Amino acid sequence: MAKIGTAGNYGKKVRSDCKATIELTDSGSLQIEFISKLEAYFGDHIKSLIEAELKFFGIKNAKLTLEDRGSLDYVIAARVEAAIKKAIETEKEFLLDILPQNFNQTEKDKLRRSRLYLPGNTPKLALNAGLHKPDEIILDLEDSVAPDKKFEAAIMVRNALRSVNFYGAERAVRINQLPAGLQDLDHVVPQHVNLILVPKTESADQIEAVNEKIAEIKKARKLDYNIWLMPIIESALGVINSYEIAKGENVVALAIGLEDYTADIGTQRTNEGKESFFARSQVVNSAKAAKIQAIDSVFSDVNDMEALKQNVLNSKALGFDGMGCIHPRQIVVIHENFAPTEKEIEKAQNIVAAYNEAKEKGLGVVSLGSKMIDAPVVKRAFRTLKLADIGGNIEPHGKKTGGNK
Amino acid sequence: MKKADKFVKNAAGRVVPTIVNGREVIAFQGVGKYKPTHTGASPRVPTSADYPKDGNKIVENLKEALSKAGIKDGMTISTHHHYRNGDFVSNLIFDIAAELGVKNLRWLPSAAFPCNEPLIKHLESGVIHHIEGSLNGPLGNYCSHGKMKGMGYLRSHGGRYRAISDGEVHVDIAVMCASAADMTGNANGILGKHPFGPMGFTKADVKNADKTIVVTDTLIPYPCYPWEIMGSDVDYVVMVDKIGDPDKIVSGTTRITKSPDRLLIAEYCAKFVDAAGIVKDGFCFQAGAGGTSLAFVKFVKEIMLKKGIKARAILGGNTKYQVELLKEGLTDYLLEGQAFDLETIKSIRDNANHIALGVFESYDYHSKGNIASMMDAIVLGSTEVDVNFNANCVSHSDGRMLHGIGGFQNCMMAKCTILTVPSFRDRIPVIKDKVTTLVAPGEMVDVIITERGICINPLRKDLIEATKDSGLPIRDIHDLKAEIDAICGTPAKPKLTNEAVAVVEWVDGTILDTIWKVEQ
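Residue numbering note: each chain is counted from 1, following its sequence as written. For this description, chains carry letters from A and ligands carry numbers from 1, given in the order in which they are written. Totals for whole chains, interfaces and linings use every residue, but because this is a predicted model, local features are given only for residues with pLDDT of at least 70 and side-chain atom pairs only at 80 or more, for both listing and counting. Excluding hydrogens and water, the side-chain values take into account all heavy atoms of the structure.

Q: Any chance you could explain the overall build of chain B here in plain terms?
A: Helical segments are the DSSP runs of H or I of at least four residues, strand segments are the runs of E of at least two, and each set is numbered from the N terminus. Scanning chain B from N- to C-terminus turns up 14 helices and 28 strands. The reference for a compact globule is 2.2 Å times residues^0.38; the radius of gyration itself is calculated from the C-alpha atoms. Computed over its C-alpha atoms, the radius of gyration of chain B comes to 23 Å, within 12% of the 24 Å expected for a compact globule of 520 residues. In what follows, residue pairs with any heavy atoms lying within 4.5 Å of each other are defined as contacts. Taking all contacts inside chain B whose residues are at least 6 apart in sequence as the whole, residues at least 24 apart take part in 71%. The accessible surface values rely on the Shrake-Rupley method and a 1.4 Å probe; as for residues, cover is taken only from the protein chains in view. Split by element, the accessible area of chain B, about 19200 Å² in all, is 52% carbon and sulfur.

Written as C-alpha cells, this is what we have:
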C-alpha cells in the first residue's frame, strides 16, 4: 500500500485547479496545509471541506497539502479524493450535492449542431463553457488527457457532471477507447450524464458492450434515465461498418473523427477534404438510413473563422447536422452556418403553410402550386423552421428574419 | 502630525478624514454638489531677463538641474507617466535627491508603475515622505501595509490637473521627459529616439510649477516642433542617455484578450451599445485599456461595417485597434490623451486626424465642460462592483491597493458608462454587497456587463426600455450576484485595521473614501 498520493495541477499558469498531496502517518492526527491566495477568503471553508472528506474515507492520521490556484469545492474534492485513492484502496465515492439542473434529460433528436470538447482534467475550461451556448458539452477522458492523468480525470469529470452548471447544453462524456472506456462508465453513468461518445468505434459489438455495461450499472444503482450514445467513426473499418453501428440501441448520432481516419487510410487531412469525402458521405448515409443525426469532425484551426465557415457550409451541404468544436468562439460560426438560409426558410414557411391549409381543409394531400408535397418534405420544412428559430437567424435587435413559432 | 485626522461619515456613507497630511480637506458631499469658488493657483511670475537671450537652457545633467531649481526638503516634485512601465527618469530624480541629502519630498506622478519599485528604498529612508498619485503594484502594496510616512492620495487624471490648477497642490519642480527637445525647452513626445506619444499629462505641471526641467535623450536644433511643451515654460534642459523604453508602454492591458469568456463579455457589450441605439453614424466613444475593452472595439467595428456607418471621434488612451478604425475610415478622428502602444505613437505623428489633447479639456472638473461627458459610451474595466452599482478600480477584495485610478472617475461623466468585468476572478466574486474601496458612486455607473449577464442601473430607465427586446441576457444585479455566489461561495470579509493609509478623491476634490491598512 502506498503511503503518499498526489493528484491535480499547480503552477504559475494553472487556474481554477489545485494539487493535493496526502501522506499517511501513523500518528499525529490530521494536519492540513492550504497554500492559496484564497486563504483569507475561503481558508476556513476549504479546510473543513477537506476534513470532512478525510473523515469520510476513514483517514485519521495524515498530512494533507493543498496547493491551490482558485479552485471551487468540486475541484478540491476531486483532487483530494484522487490523492487519497492513490494512497489507500477504497470503493467509496465522496460526492457533493448534484445541482438540480443536472438531473435533466435530453431528447433523442435534440439539436446537436455544435459539440464543444473540454479536456476532462482541466476544470478551468468547464466553469463557463455553457455560457457560450453549445448544443452539447463533452467532458473528454480520451485524447486530451495524458495517460498518467486518466485516473484523476475520471474523478474530476464525475464531480463536474454533478456540480457544474452547463446552462442547458447536453452533458456528454467521451470515454476512452474500449475496453478501457467501459471502466469510465462506472464513474459517469450514475451522474445523470446525457450522452456517451464512444471513440474509435469499429463494430456494432462495441456499442452493444457499452449498452450492456450501462444497463448493468443502471440496474445495480436503480437508475431510470436514458443515456444516448454517439459512436465516433475514426477508421476505414468503422466507415465500412457504420450502418450496423448506427442501428445500435440508444445511438442518436453518428460522428466522424477525421484526424484518426486520415491517418488510418494513410493520408493527410486537408481543408478541402477530398480525402475524406467518401467516409463523410458514408457516415451521413449510414446515419440517415438509421434515422439518426450525422455529426462532422472538429475543425482544428481555431484562429481561422473564415475557413471554419467554409467547412461548416460543406458539412451542411453533405448532409451533416452538426460538427465538433474545440474553442467556444467556433460555436457561433457553426450555429450561424448550419442555420437555414433565408431562401430555405421562405420555402419551408410556404410548405408548412400549405400543410396547415391542407390539414384545415381535411385534405389528404399537401400541394404547393401545382406540385404535390411528400410527407418527408413537410417534415424537413418543420425542422428547417425549428433550426431557424434557434439557429441564429436573429438580427441583433431581436427581429427574426424568418421562422414562426 | 497624524497622517489623517478628524474622521467623518461622508455623503456616500464612507468614513473619511477631514485632515490629510496636515491639510484640511472636504468630505464628499454628493455628485455635483461641491463647487469651488476661489480663483485658482497663482504661480510665481518669471522675468525673461533672468533667462539666457540665446535661449540655451541646457545644463550638464539632472543633478545640476535639480540643484539649480533649488531642490530642498519638503518640496513637491512632479513627473508624468507617458512611458508607463518603461519610465527611466522618476527613479533617477530621487536617487539624486538622496545623494544631495534632501528629505521629505512629495512625489506627484500622474501615475506610478511597477518599474518604480526601487523608490521604496527612498520611502524607507525618508527621501520621499509620501506619494500623491496612482499607486499600483509594489508601491500600492507598500502603502497598503501602512509603511508610507504620509497618506497616499489618489486623484483621477482630471483630479490631478484640478488639484494643480486650483492651487491645492503646489508643484515646486516639474521634471518632464520629452523624446525630443531643443536647447530652449520646446519639446514633444513623438520625435527622437524613443517616442512615447502625446504629452497631455504635462500641461498642468509646466504651467503651474515654479521650475520646469525638460529631460530628453534627443536634442534637435531649434525649433523643436510640434511643441507640446513650449520653451517659454521651461527653466532647464537636460540630456540623458535614454529617458525610457517605449516597448514597455505596451503591457498586457493593451492587447485584445484571447479568453473566450472575456470575448463574450466584449461581444455582449458591443451588442448592448448597438441595441441601446448608441452605435449610429457620427457617434463618439472611448474604450479604456484592458483586453476586454479592446475586444469591444473589434466587435463594434464589425457592427459599424455591417451597418455602413462610422464614428465621429474616439477618445483615448488609444491602441492600434482604434488606429485601424481611423486608417480604415471608420472614425473621422482619434482624440489622444496618452498612447498605449507604438502604432498609436506613429499614427499621432503621421495622421493629421489623430489629435493630441490635454487632460484639462477632456477630464478636468474646472474646465467649461468635459470631452468625456460628450462621449456616447465609455467602456472600462473594474476590480469590483456592488449591488448598488458602486465601483472600485484601485483595490482588491483583500483591501490591498494594487491598481491605478487613472481616468476611471472622469470617464463616469459619459452618456453611458459601461463596466466590463468577469463575474469572478480565481473564485473571488466581482459583484459585492459593498465595494472594498469606493472610487465611483453607483449613480455614475450605467451598465455592468459580465459573461453571465448584463445589469443596467435602475436609474437608467431609458437604457432598460431601449434594450428590453434585444435578446441580450439582461439581469437584475441581485439575481446575478446570487448566481455567482452559488458558484464561488461567499468569501470572508477582508481583515482591515482602522488605520487610514490613503484617500480617494472624487473629481471635485472632496474625499470619497479611505483606504485602510491591511492586517499583516
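Q: Mind showing me how you'd approach a nonpolar patch on the surface here?
A: Residues and elements named next belong to chain B. Each patch is built from salt-bridge-free residues with over 30% relative accessible area, joining like charges within 9 Å and nonpolar side chains (Val, Leu, Ile, Met, Phe, Trp, Tyr) within 5 Å. Within this document, salt bridges are pairs made up of a side-chain nitrogen of Lys or Arg and a carboxyl oxygen of Asp or Glu, the two lying within 4 Å of each other. On the surface, Tyr222, Tyr225, Trp227 and Met230 cluster together into a nonpolar patch covering about 450 Å² of accessible area. Positionally, tyrosine 225 belongs in the loop between strand S12 (211-216) and strand S13 (236-239). When its relative accessible area of 55% is taken as the criterion, tyrosine 225 is described as exposed. Burial classes follow relative accessibility: with a 1.4 Å probe on protein chains only, a residue under 20% of its type's maximum area counts as buried, one over 50% as exposed, and anything between as partly exposed.

Q: Would you mind going over the packing of aromatic side chains with me for this structure?
A: The geometry of two aromatic rings is summed up by the distance between their centres and the angle between their planes. Two rings from Phe, Tyr or Trp (for Trp, the six-membered ring) form a pair when their centres are within 6.5 Å of each other. A pair whose planes differ by under 30 degrees is stacked, one over 60 is edge-to-face, and the rest are tilted. For the coordinates displayed, the defined rule picks out 11 aromatic pairs over all chains. Taking 6.3 Å as the distance between ring centres and 80° as the angle between the ring planes, the aromatic pair formed by Phe28(B) and Trp506(B) counts as edge-to-face. Taken together, the positions of Phe28(B) in the loop between strand S3 (23-24) and strand S4 (58-59) and Trp506(B) in the loop between strand S27 (496-505) and strand S28 (511-518) put the pair 478 residues apart, joining distant regions of the chain. Using a relative accessible area of 4% as the deciding quantity, one classes Phe28(B) as buried. Taken together, Phe56(A), Phe57(A) and Phe94(A) form an aromatic cluster joined through their ring pairs.

Q: Please clarify how the sheet that holds strand S7 (residues 170-174) of chain A should be interpreted in this entry.
A: Think of a sheet as strands paired side by side through backbone hydrogen bonds, with each pair either parallel or antiparallel. Residues and elements named next belong to chain A. Strand order in the closed barrel made by the eight strands is S5-S6-S7-S8-S9-S10-S11-S12, with parallel pairing throughout. For this sheet, the mean inter-axis angle between neighbouring strands, taken without regard to orientation, is 25°. Should DSSP find at least two bridges between two strands, the strands are taken to pair. Pairing geometry for strand S6 (residues 136-140) and S7, over five bridges, is parallel. Among the inter-strand pairings, glutamate 136 is bridged to a residue of S7, identified as glutamate 170. For helices, the fitted axis covers only the stretch in contact; all axes are lines through C-alpha atoms, and the angles between them, taken along N-to-C directions, range from 0 to 180 degrees. In the packing of helix H6 (residues 204-221) onto the sheet, the strands contacted are strand S8 (195-198) and strand S9 (228-233), and the crossing angle to S9 comes to about 150°.

Q: Looking at this structure, I do not really get the interface of chain A and chain B. What am I missing?
A: Often the size quoted for an interface is simply the accessible area lost on bringing the parts together. The interface is formed by 25 residues belonging to chain A together with 27 residues belonging to chain B. Two parts placed together each lose some accessible area under a 1.4 Å probe, and the buried area is that loss summed for both. A buried area of about 2300 Å², summed over both sides, lies between chain A and chain B, and 53% of it is on carbon and sulfur atoms. The interface formed by chain A and chain B holds four salt bridges in total. Salt-bridge contacts for Lys37(A) lead to Asp426(B); the nearest nitrogen and oxygen are separated by 3.6 Å. Counting only elements with at least two residues in the side of chain A that touches chain B, the list comes to helix H1 (39-56) and helix H2 (73-87) of chain A. Here the side of chain A that touches chain B gets five residues from one element, more than from any other, and that element is H1(A).

Q: I would appreciate a short explanation of H6(A) in the present structure.
A: Along an α-helix, residues three or four apart share an orientation, since each turn contains 3.6 residues. All names here are of chain A. Here the expected span of a helix is defined as 1.5 Å times the quantity of residues minus one. With 18 residues, H6 should cover 26 Å at 1.5 Å per step; its first-to-last C-alpha distance of 26 Å lies within 8% of that length. Those residues of H6 that fall on the buried side of the exposure criterion are Ile207, Val210, Asn211, Lys213, Ile214, Ile217 and Lys218. End-on, the buried residues of H6 take up no more than an arc of 165°, which puts them together on one face. In H6, the exposed positions angled more than 90 degrees off the buried face are occupied by Asp205, Glu212, Glu216, Lys219 and Ala220. Arc definition: directions from the helix axis to the C-beta atoms.

Q: Help me out: how do you make sense of the packing of helix H5 (residues 180-188) of chain A against H6(A) in this one?
A: In helix packing, the relevant descriptors are the interaxial angle and the interaxial distance, both defined with respect to the helix axes. All names here are of chain A. Running from N to C, H5 and H6 cross one another at 30°; their axes reach a closest spacing of 10 Å. In terms of orientation, H5 and H6 fall into the roughly parallel class. Crossing angle aside, the handedness with which H5 passes H6 is right-handed. Across the interface between the two elements, Leu182, Gln183, Leu185 and Asp186 of H5 pack against Ala209, Val210, Lys213, Ile214, Ile217 and Arg221 of H6. In the scheme used here, Gly and all other residues not listed as nonpolar or charged are polar, with Ala, Val, Leu, Ile, Met, Phe, Trp, Tyr, Cys and Pro taken as nonpolar and Asp, Glu, Lys and Arg as charged. Split into classes, the residues belonging to the contact of H5 with H6 amount to six nonpolar, one polar and three charged. Note on terminology: angles under 35 degrees are roughly parallel, angles over 145 are roughly antiparallel, angles of 65 to 115 are roughly perpendicular, and the others are oblique. Crossing handedness: left-handed means the near helix sits turned counterclockwise from the far one by under a right angle, and right-handed means the same turn made clockwise.

Q: Where do I start with the sheet that holds S28(B) in this structure?
A: All names here are of chain B. Ordered by their spatial adjacency, three strands build an open sheet running S8-S27-S28, and the pairing between neighbours is mixed. In the strand order of this sheet, the two ends are held by strand S8 (152-154) and S28, each with one partner. Recorded for the sheet is a direction-independent mean angle of 40° between the axes of neighbouring strands. Looking at chain direction, S27 and S28 are connected through six bridges and run antiparallel. Residue pairing for S28: alanine 502 is matched across the bridge by isoleucine 515.

Q: Would you mind showing me how to read a negative patch on the surface here?
A: In summary, the charge assignment counts Lys and Arg as positive and Asp and Glu as negative, without counting His or the chain termini. Charge positions come from single atoms, namely NZ of Lys, CZ of Arg, CG of Asp or CD of Glu. Among the surface-exposed residues, Asp205(A), Glu208(A), Glu212(A), Glu216(A) and Glu249(A) lie close enough to one another that they form a single negatively charged patch. With respect to the helices and strands, the residue Asp205(A) is situated in helix H6.

Q: What is the right way to read the pattern of salt bridges from this model?
A: Side chains that carry opposite charge are capable of pairing whenever their charged atoms lie near each other. Throughout the structure, instances matching the rule amount to 67 salt bridges over all chains. Across the pair Glu81(A) and Lys85(A) runs a salt bridge whose closest N-O atoms are separated by 2.7 Å. Taken as a pair, Glu81(A) and Lys85(A) lie in helix H2 at a separation of four residues, close to a single helical turn. The salt bridge partner of Glu302(B) is Lys298(B), with a shortest N-O separation of 3.9 Å. Taken together, the residues Glu302(B) and Lys298(B), both in helix H8 (residues 291-307) and four residues apart, mark about one turn of the helix. According to the relative accessible area criterion, Glu302(B) is partly exposed, its value standing at 43%. In this structure Lys298(B) comes out as partly exposed when scored by relative accessible area, which is 34%. One connected set of salt bridges, linked through shared partners, spans Arg23(B), Arg106(B), Glu132(B), Arg155(B), Arg162(B), Asp166(B), Glu168(B) and Glu505(B).

Q: Hey, could you run me through the nonpolar core in this one?
A: The tendency in soluble globular proteins is for nonpolar side chains to be buried side by side. For the purposes of this section, nonpolar cores are sets of buried Ala, Val, Leu, Ile, Met, Phe, Trp, Tyr and Cys residues that join through side-chain atoms within 4.5 Å. Ile22(A), Leu66(A), Val173(A), Ile196(A), Leu62(B), Val175(B) and Ile213(B) are the most contacted members of the largest nonpolar core, which has 207 residues in total. Broken down by element, this core gets its largest block of residues, 10 residues, from H2(A). When neighbours within four sequence positions are excluded, Val175(B) is seen to be in contact with Leu62(B), Leu66(B), Ile77(B), Ser78(B), Thr79(B), His80(B), Val89(B), Ile93(B), Ile213(B) and Val215(B). Counting residues in each nonpolar core, the second largest holds 44 residues, with Leu131(A), Ile314(B), Tyr321(B) and Ala377(B) among its members.

Q: Where do I start with the pairing of strand S12 (residues 322-325) of chain A in this structure?
A: A regular strand carries its side chains on alternate faces of the sheet. All names here are of chain A. Residues Gly322 and Gly324 line one face of S12 and the alternating positions Met323 and Cys325 line the opposite face, and both faces are buried. In terms of strand pairing, strand S5 (residues 114-119) meets S12 through three bridges, oriented parallel. Pairing of leucine 116 across the sheet is with cysteine 325, part of S12. Pairing of strand S11 (residues 293-298) with S12 involves three bridges; the strand directions are parallel. Looking at S12, one finds that isoleucine 295 is bridged to glycine 322. Throughout, right-handed denotes a crossover for which the path from the first strand over the helix to the second runs clockwise when the strands point away from the viewer. A crossover connection joins S11 to the parallel S12 through helix H11 (residues 305-318); in handedness this β-α-β unit is right-handed.

Q: I'm lost on the pairing of S6(A) in this one. Help?
A: Residues and elements named next belong to chain A. With respect to burial, S6 is a largely interior element, five of its five residues being buried. Side chains Glu136, Ile138 and Asp140 of S6 all project onto a buried face; the interleaved residues Ile137 and Leu139 project onto the opposite face, where all are buried too. Crossover handedness for the path S6 to helix H4 (residues 150-163) to S7: right-handed.

Q: Quick question: what am I supposed to make of the confidence of the model for chain B here?
A: Fine structural detail should not be taken from predicted coordinates in areas where pLDDT scores are low. Per-residue confidence for chain B gives a mean pLDDT of 95; residues scoring 70 or more make up 99%. This prediction of the complex comes with two scores: 0.93 for pTM and 0.88 for ipTM. Per residue, pLDDT measures the predictor's confidence, with a range of 0 to 100.

Q: Explanation requested: the side chain of Arg112(A) in the structure shown.
A: Residues and elements named next belong to chain A. Note on placement: arginine 112 falls in the loop between H2 and S5. Looking at arginine 112, the relative accessible area reads 3%, which means it is buried. A distance of 3.1 Å separates a polar side-chain atom of arginine 112 from the backbone oxygen of glutamate 107. As used in this structure description, the phrase polar contact means that two N or O atoms lie within 3.5 Å; if the pair is within protein, one of them must be able to donate a hydrogen and the other to accept it, and residues adjacent in sequence are counted only when both atoms belong to side chains.

Q: Just checking my understanding: could you explain unusual backbone geometry for this structure?
A: A negative phi angle characterises most non-glycine residues, just as the trans form characterises most peptide bonds. Residue and element names in this part refer to chain B. Across the junction of tyrosine 225 and proline 226, the peptide omega takes the value 0°, indicating a cis bond. A positive phi angle is found at arginine 427, which is not glycine, with a value near 75°. Counting through the fold element by element, arginine 427 comes out in the loop between strand S22 (424-425) and strand S23 (428-429). Accessibility expressed as a relative area gives 2% for arginine 427, which makes it buried.

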